[in-house]
Amino acid sequence: MTRQRFALLAVVVVALAGLLTVGTWASTRGAAGPSYPMMGGGPQSGGMMGGQGTGMMGGGYALADNGRRVDSLSAARQRAQLFADGLGLRAGEVMQFSNGFYAALRTADGRGATEALVDPAGGGVAVEYGPAMMWNTSYGMHAGAAPAAAQISSADAGRLAERWLREQRPALGVGEAEVFPGYFTLHTMWDGKIVGMMSVNAYTGAVWYHTWHGQYVAMSEE
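Residues numbered from 1 in each chain as written. Predicted model: local features only at pLDDT ≥ 70, side-chain atom pairs only at ≥ 80, totals over all residues. Heavy atoms only, no water.

Draft legend 1. Quick look at unusual backbone geometry. Unlike most non-glycine residues, Asp 191 shows phi in positive territory, near 55 degrees. Structurally, Asp 191 can be placed in the loop between strand E8 (183-190) and strand E9 (193-201). (Helix = DSSP H or I, 4+ residues; strand = E, 2+ residues; numbered from the N terminus.)

Draft legend 2. Structural context of the sheet that holds strand E5 (residues 125-127). Within the open sheet, the six strands sit side by side as E1-E5-E4-E3-E2-E11. Their pairing is antiparallel. Looking at the sheet topology across the chains shown, the edges are occupied by strand E1 (62-63) and strand E11 (216-220). Here strand E4 (residues 112-118) pairs with E5 via three bridges, running antiparallel. Each bridged residue has a counterpart across the sheet, and for Ala 116 the counterpart in E5 is Val 127. Sheet strands touched by helix H3 (residues 73-85): E1, strand E2 (90-97), strand E3 (100-106), E4, E5 and E11. Its angle to E2, the strand with the most contacts, is close to 140 degrees. (Pairing = 2+ DSSP bridges. Contact = heavy atoms within 4.5 Å. Axes fitted to C-alpha atoms, helices over the stretch in contact; angles between N-to-C directions.)

Draft legend 3. Quick look at the confidence of the model for the protein chain. In the predicted model, the protein chain carries a mean pLDDT of 78, and 72% of its residues have values of at least 70. This model gives residues 1-60 a pLDDT under 50, and the stretch forms 127 contacts once residues within four places in sequence are excluded. (pLDDT = per-residue confidence, 0-100.)

Draft legend 4. Representation of the packing of aromatic side chains within the structure. Enumeration according to the criterion identifies five aromatic pairs in this entry. Pairing Trp 135 with Trp 208 gives two aromatic rings, centres 5.5 Å apart and planes at 70 degrees, and the pair type is edge-to-face. Of this pair, Trp 135 sits in the loop between helix H4 (131-134) and helix H5 (154-168) while Trp 208 sits in strand E10 (residues 207-209), and the two are 73 residues apart along the sequence. With a relative accessible area of 0%, Trp 208 lands in the buried category. Ring geometry for Phe 180 and Tyr 183: centres 5.4 Å apart, planes at 15 degrees, overall stacked. (Phe/Tyr/Trp six-rings, centres within 6.5 Å; stacked < 30°, edge-to-face > 60°. Buried < 20%, exposed > 50% of the residue type's maximum accessible area, 1.4 Å probe, protein only.)

Right under this line is the structure:
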């Protein structure tokens, strides 16, 4: 993906923010969360990272490509940690999908902070698009703009995710809800095995299925 295409994508994402903040449209009407066809299914070399070393939308940051392929969970963890260092965070769970690598970033005391994607083609790292950009109240585009008290609990998030899956992807179940600022992220499961991810907004109950990862490959715990 070229830098120009990412700029266009950023405009589209910002426009979608207004729709997402309406809230319960996904959880109450069973509508699928937005997907981004122009991304080609996941981050590509020189794409969402754009070769930039500094700021992204909402005060997040991007770690520039270093031109080296990332082919293993350990290499992805190293890149994710280098990115996390700039935010005063640490890399937790790292997952490999067919479209790239995912990393959950945590605070020093182990709380979920945000989520990131690692580009396998060039090693670039950036805040994950979707909920981490749009819903995260500490590291996202609308940091500090959410109400003080979340309306949705972890248990509620699990129930909302299960209800959405029953209507949209009935073969799947969900794992435990992990708390991030302003939202929850859950593994989607099939026959007891991880197949993907989804998120639930902690203030509205809106559901966003992560369509960009591709097929699940492996995971490394911190």
